[in-house]
Amino acid sequence: MPFVDGQWLDQQNPQSFPVIDPTTEKTLTGVAETGDAGVDCAVSAARRALDTGSWGRLDGAARGQLLNMLADLIEQRAEDFADLECLDVGKPAIEPRVIDLPQTIATLRHFAGWADKIEGRTIPTPGHMGQPTLSYTVRQPIGVVAAITPWNSPTMIGSWKLAPALAAGCPVILKPPEDAPLTSLLLAELVVQAGFPAGALAVLPGRGATTGTALVQHPGVDKISFTGSPETGQIVAAAAARGFRPTTLELGGKSPQIVFADADLEAAADGVALGVFANQGEVCAAGSRILVDRSVHDEFVELLANRAGKVVVGDPFEPGTTMGALINAKQRARVQGYIDRGREEGAHPVIGGGRSEHDVGYFVEPTLFTAATNEMTIAREEIFGPVGAIIAFDDVDRAVAIANDSRYALAATVWTRELSRAHDIARRIQAGAVAINGWSPLDPRLPWGGSKHSGLGRELGRAGIDENTEEKTITIVL
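These notes cover the structure that comes with them.

Criteria and cut-off values
Residues numbered from 1 in each chain as written. Predicted model: local features only at pLDDT ≥ 70, side-chain atom pairs only at ≥ 80, totals over all residues. Heavy atoms only, no water. Helix = DSSP H or I, 4+ residues; strand = E, 2+ residues; numbered from the N terminus. Rg over C-alpha atoms; globule rule 2.2 N^0.38 Å. Buried < 20%, exposed > 50% of the residue type's maximum accessible area, 1.4 Å probe, protein only. Contact = heavy atoms within 4.5 Å. Areas by Shrake-Rupley, 256 points an atom, 1.4 Å probe, with all protein chains shown as cover. Pairing = 2+ DSSP bridges. Axes fitted to C-alpha atoms, helices over the stretch in contact; angles between N-to-C directions. Salt bridge = Lys/Arg side-chain N within 4 Å of Asp/Glu carboxyl O. Left-handed = near helix turned anticlockwise from the far one by under 90°. Nonpolar A, V, L, I, M, F, W, Y, C, P; charged D, E, K, R; others polar.

1. Remarks on the overall build of the chain
Secondary structure summary: the chain contains 16 helices and 21 strands in total. Scaling as 2.2 N^0.38, a compact globule of 478 residues should have a C-alpha radius of gyration of about 23 Å, and the chain matches this with 23 Å. Structurally, the chain occupies a C-alpha span of about 70 × 65 × 40 Å along its principal axes. With 478 residues in all, the chain has 56% of them scored as buried. A separation of at least 24 residues holds for 73% of the contacts in the chain among residues at least 6 apart in sequence. Accessible surface computed for the chain: about 19,200 Å², of which carbon and sulfur atoms make up 52%.

2. Section: the sheet that holds strand 14 (residues 367-370)
The strand order across the open sheet built from 7 strands is 13-14-15-12-11-17-18, with neighbouring strands paired in mixed fashion. Each of the sheet's edge strands pairs with one partner strand only, and the pair in question is strand 13 (348-351) and strand 18 (433-436). In this sheet, adjacent strand axes meet at a mean angle of 25° when their direction is disregarded. Sheet topology note: the strand 17 (residues 411-415)/strand 18 ladder contains 4 bridges and is parallel. Looking at strand 18, one finds that valine 414 is bridged to isoleucine 436. Set on the sheet, helix 12 (residues 329-344) makes contact with strand 13, strand 14 and strand 15 (387-393); between it and strand 14 the angle comes to about 20°.

3. A word on unusual backbone geometry
Positive phi, close to 55°, is recorded for aspartate 5, a residue that is not glycine. Looking at the element boundaries, aspartate 5 is found in the loop between strand 1 (3-4) and strand 2 (7-8). Exposure remark for aspartate 5: the relative accessible area of 27% places this residue in the partly exposed category. One non-glycine residue, phenylalanine 384, adopts positive backbone phi at about 60°. Following the sequence through the fold, phenylalanine 384 ends up in the loop between helix 13 (377-380) and strand 15. Residue class for phenylalanine 384 comes out buried when judged on its relative accessible area of 14%.

4. Digging into the pattern of salt bridges
When the charged atoms of two side chains lie near each other, side chains of opposite charge can form a pair. Inspection of the entire model under this criterion finds 30 salt bridges. Glutamate 345 serves as the salt-bridge partner of arginine 341, at 2.8 Å between the closest nitrogen and oxygen. Notably, a salt bridge pairs arginine 428 with aspartate 424, separated by 3.2 Å at the nearest N-O pair. Of this pair, arginine 428 and aspartate 424 both sit in helix 15 (residues 419-428), 4 residues apart, which is roughly one turn of that helix. When its relative accessible area of 25% is taken as the criterion, arginine 428 is described as partly exposed. A single salt-bridge network, built from bridges that share partners, covers Arg121, Arg139, Arg462, Asp466 and Glu471.

5. Side note on the packing of helix 14 (residues 396-404) against helix 15
Here helix 14 crosses helix 15 at 35°, and the two axes come no closer than 10 Å. Helix-helix and strand crossings are classified by hand; for helix 14 and helix 15 the assignment is right-handed. When helix 14 is examined against helix 15, the residues Val396, Asp397, Val400 and Asn404 are found in contact with a partner set consisting of Arg421, Ile425 and Arg428. The class makeup of the residues in the contact of helix 14 with helix 15 is 3 nonpolar, 1 polar and 3 charged.

6. Regarding the packing of helix 1 (residues 36-51) against helix 8 (residues 208-217)
Running from N to C, helix 1 and helix 8 cross one another at 40°; their axes reach a closest spacing of 9 Å. In this structure, helix 1 meets helix 8 at a crossing whose hand is right-handed. Together, Asp36, Val39 and Val43 of helix 1 and Thr211, Ala214 and Leu215 of helix 8 make up the contact between the two elements.

Set out below in structure tokens:
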């Protein structure tokens, strides 16, 4: 049920939706969906918390203490969060333990440190009508923030949205993904234990077409932060535009990984495999376009196929499993459709490409295609599954041209030992984040986001604070 104004909201005759275990295809539980009245209640509570409640009166140091307390509580319950994420999402048990939960805790602590350091500027001017002036700015909370998170990494990406907004003093209304809402509901319990004032954070489970739509269209929401598909992002942006409300949109990618002949090919094969198969390929920054210098193409394909062949697909809780199940039946069918399309368009599956051997669960084989071109569907569209397209190139300019020939511009990876080339390629590639000799390193200190159809704005780092505050100018005539 919804968590609103510091308590669980008892709705009249609520609709519910099932939460399915992707590994067993069994229903884990049913969750009450937040209706229009619940959304309105959450927005009203958030507005009161900011305008007249204790949340709006807290100073930055106090907000930082609350965020640190929340980080401590999540750390204490890290095993519970990791197990829930495995059940909800289908990812191997090791991944939330070494990536999602440590990143979540680090993000909360990073922005706890920011909370009392949000400063304005003093700006010298020539004065006003012959009189001297003092002009300065302050950064104030942007208002009530609606945060809509995806199902692939709900705990970590949730923290990316919550931590900077709460540090800035904004009350947040979190709409978790309908396919994976359980860790967000656990988070609501810890918010109470941490001592956050009522209204500072609401959690509204529900489907996008109902709860999500009601939230983004609500006139009391001042800013929307959304992570999901470009198609849904356009709907969110259109709703926000009607009220001239700012948005932060992270809408996925089709990230290139460029392997040059001088690269450490063994290390590159390890990193490229991680970029394709981590979290079953259900990653916004998945490096699924693998651009390889033609002179080392065959050697690198053999190395990469060897890594893919060692991926162990199965129950996320089984020791040794390195890749779990996709989120639902629809996603499995979608990914399999792309695999079939790749074969039809002339790409060659060097490994995988068939139906999973598992009779139960939304499993797909790790798949690598050779003989791919950047014009093929598997190189153009975000698959969100464990599928990589290997494309040969002959020179640096061609590699850059292929990398940039995409509607997405979220992330990219360059594998090379040549320092000057690394800097040059990083400058020329159209992407919000470029990694050299390592796939998509994450850190809450670094801004995250893209351009083109990958979205608008940035999360994390100083950008996370700027995106959740408004700069106000104050001038005193002396």
